[in-house]
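# A structural walkthrough
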Amino acid sequence: MVNPYYVEGIFQVANLLLSLVALGLACLLFFRYKTPALRPWRFVTVGIVLFMAVIAFGALRSFGVYESPYVTHVLTGLVLLVLMAALFVEIRRNR
Amino acid sequence: MTFAESLGLVAPLYNLVFVCIVLCLFLVLFSKSRSRSWVLLFVAFCVYVFEELLTVLRKFLAVEIPRIMNGVLELGIVLLLIFVLLSEHHRFTQNKWTIAKMPKKKSVLFSWRHVIDKGIFVVAIASPLMTVPQIVMIWVQRSAAGVSIASWGAYLAAALFWLMYGFVHRDRAIIMSNILWVVLEAFVIAGAILFA
């Protein structure tokens, strides 16, 4: 039987590559259209970068290369903080 | 107990508080406006919370949940993020995200072009799935004999480039096909590296 950690790790590597594509799209969005309507999406882009880091650490853990007891939790917290900031900005924009 | 260990213990608790705050903020936002992109972002957030919930259940209550679930859910989140960003692009360009930019002809009962336009979606999904037997062979037999990492690495690089091309030209068939290729080729390469 294949180690389920490996399968999870491969999915995470694939997800990492796809999130690179998402990051490229986000950057394209900002460079092409410079409008205040995109301000909250800047925070979402930072969130994508942090989410990529979460996936990368997850992949390293799955393959048994590196494991940290707190990094993924802290990064998850940062993703949520950035999402909060994006929502604040969007709510203010809609006021 | 070290600082890192104590942080690891406390982090899930304050993350739970953050999740509640984000949920409230989404509700406030949806009471004012309900744009499609933010609704999709909310769905991605819900999937993320569900994934964290699975991790907590597995860790603290020792519930048997297949580990592959996390990878699949993360894949869902990433695809939703890509879709949200494409929606934003669409909102600014106001162009229709069509199969290809071709002038519309007058409607006829049967057209070969229409059949090919629809049929390409079946091919776009079916052809990457043909790699599944190769993946099963590598991972079940735990042997990557005859599998070249260089070739599959080149295929993966090409699929990523095709994916970018699909996004730039807004071709759904190319995007769907190459997302599948990237995931499946990652499985083949990882298997080739592990069981070489």
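As a starting point, this report considers the structure included with it. (Residues numbered from 1 in each chain as written. Chains lettered and ligands numbered in written order. Predicted model: local features only at pLDDT ≥ 70, side-chain atom pairs only at ≥ 80, totals over all residues. Heavy atoms only, no water.)

### Re the overall build of chain B
- Scanning chain B for helices and strands turns up seven helices and zero strands.
- Tracing chain B from N to C terminus, the helices and strands come up as α-α-α-α-α-α-α.
- Burial statistics for chain B: of 196 residues in total, 38% are counted as buried.
- The contacts of chain B with a sequence gap of at least 6 include a subset with a gap of at least 24, amounting to 61%.
- Taken as a whole, chain B presents about 11800 Å² of accessible surface, with 72% of it coming from carbon and sulfur. (Helix = DSSP H or I, 4+ residues; strand = E, 2+ residues; numbered from the N terminus. Buried < 20%, exposed > 50% of the residue type's maximum accessible area, 1.4 Å probe, protein only. Contact = heavy atoms within 4.5 Å. Areas by Shrake-Rupley, 256 points an atom, 1.4 Å probe, with all protein chains shown as cover.)

### Points about the overall build of chain A
- For chain A, the helix and strand inventory stands at three helices and zero strands.
- Residue burial in chain A is summarised as follows: out of 95 residues, 55% are buried.
- Carbon together with sulfur atoms contributes 67% to the accessible area of chain A, which is approximately 4400 Å² in total.

### Notes on the nonpolar core
- Core analysis: the largest hydrophobic core is formed by 81 residues, its most contacted members being Leu18 of chain A together with Trp38 and Ile82 of chain B.
- In contact with Leu18 of chain A, not counting residues within four places along its chain, are Leu75, Val78, Leu79, Ile82, Leu163, Ile179, Val182 and Val183 of chain B. (Core = buried A, V, L, I, M, F, W, Y, C linked by side-chain atoms within 4.5 Å.)

### Quick word on the interface of chain A and chain B
- Contacts between the two partners involve 51 residues from chain A, matched on the other side by 58 residues from chain B.
- Taking both sides of the interface into account, the surface hidden between chain A and chain B amounts to around 5200 Å²; carbon and sulfur atoms contribute 81%.
- Interface area lost by chain A to chain B is led by Phe11, Leu18 and Trp41 of chain A, which between them contribute 14%.
- The interface formed by chain A and chain B contains zero salt bridges.
- Sort the elements by how many residues they give to the side of chain A that touches chain B and helix α1 (residues 4-32) of chain A lands first, with 19 residues.
- Classifying every residue of the side of chain A that touches chain B gives 39 nonpolar, nine polar and three charged. (Buried area = accessible area lost by both parts, 1.4 Å probe. Salt bridge = Lys/Arg side-chain N within 4 Å of Asp/Glu carboxyl O. Nonpolar A, V, L, I, M, F, W, Y, C, P; charged D, E, K, R; others polar.)

### Comments concerning the state of the cysteines
- The tally for this structure, following the rule as stated, stands at zero disulfides over all chains.
- Left without a disulfide partner, Cys20 of chain B is nearest to the cysteine sulfur of Cys24 of chain B, which lies 6.9 Å away. (Disulfide = S-S within 2.5 Å.)

### Some details on the packing of aromatic side chains
- Inspection of every chain in the model, using the stated rule, returns ten aromatic pairs over all chains.
- Ring centres of Phe51 of chain A and Tyr48 of chain B lie 5.6 Å apart, and the angle between their planes is 80 degrees; this geometry places the pair in the edge-to-face category. Within this pair, whereas Phe51 of chain A is found in helix α2 (residues 39-62), its partner Tyr48 of chain B is found in helix α2 (residues 36-60), the two belonging to separate chains. Each member of the pair, Phe51 of chain A as well as Tyr48 of chain B, carries the same accessibility label: buried.
- On the numbers, 5.6 Å between centres and 80 degrees between planes, the contact of Trp162 of chain B with Tyr165 of chain B is edge-to-face. Of this pair, Trp162 of chain B and Tyr165 of chain B both sit in helix α6 (residues 149-169), three residues apart, which is roughly one turn of the helix. (Phe/Tyr/Trp six-rings, centres within 6.5 Å; stacked < 30°, edge-to-face > 60°.)

### Let's talk about the packing of α2 of chain A against helix α3 (residues 68-93) of chain B
- Their axes nearest at 12 Å, the elements α2 of chain A and α3 of chain B cross at an angle of 155 degrees. Classed by the angle they form, the pair α2 of chain A and α3 of chain B counts as roughly antiparallel. The interaxial crossing formed by α2 of chain A with α3 of chain B has left-handed handedness. Contacts between α2 of chain A and α3 of chain B involve Trp41, Ile48, Phe51 and Ile55 of chain A from the first element and Glu74, Ile77, Val78, Leu81, Val84, Leu85 and Glu88 of chain B from the second.
- Among the residues forming the contact of α2 of chain A with α3 of chain B, the class breakdown is nine nonpolar, no polar and two charged. (Axes fitted to C-alpha atoms, helices over the stretch in contact; angles between N-to-C directions. Parallel < 35°, antiparallel > 145°, perpendicular 65-115°, else oblique. Left-handed = near helix turned anticlockwise from the far one by under 90°.)

### Re the pattern of salt bridges
Residues and elements named next belong to chain A.
- According to the stated counting rule, one finds two salt bridges over all chains in the structure shown.
- A salt bridge links Glu90 to Arg93; its shortest N-O distance comes to 3.2 Å. Residue Glu90 and its partner Arg93 are both found in helix α3 (residues 71-94); the two are separated by three residues, about one turn of the helix.

### A closer look at the packing of helix α5 (residues 132-141) of chain B against helix α7 (residues 172-194) of chain B
All names here are of chain B.
- Where α5 contacts α7, the axes come no closer than 9 Å and their chain directions differ by 25 degrees. If you check the angle between α5 and α7, you find them roughly parallel. You can see that α5 and α7 cross each other, and the crossing is left-handed. Facing α5, whose interface residues are Val132, Gln134, Ile135, Ile138 and Trp139, α7 presents Leu184, Phe187, Val188, Ala190, Gly191, Ala192 and Leu194.
- Residue composition of the contact of α5 with α7, grouped by class: ten nonpolar, two polar and no charged.

### Quick notes on the side chain of Glu90 of chain A
- Judged by relative accessible area, Glu90 of chain A falls into the buried class, the value being 4%.
- Sequence-distant contacts of Glu90 of chain A, defined by excluding residues within four places in its chain, comprise Pro40 of chain A together with Leu29 and Trp38 of chain B.

### Some words on the environment of Arg67 of chain B
- For Arg67 of chain B, the location among the structural elements is in the loop between α2 and α3.
- Separated by twelve residues in the primary sequence, Arg67 of chain B and Thr55 of chain B have C-alpha atoms spaced 9.1 Å apart.

Note that all results are geometric; they support no functional claim without further evidence.
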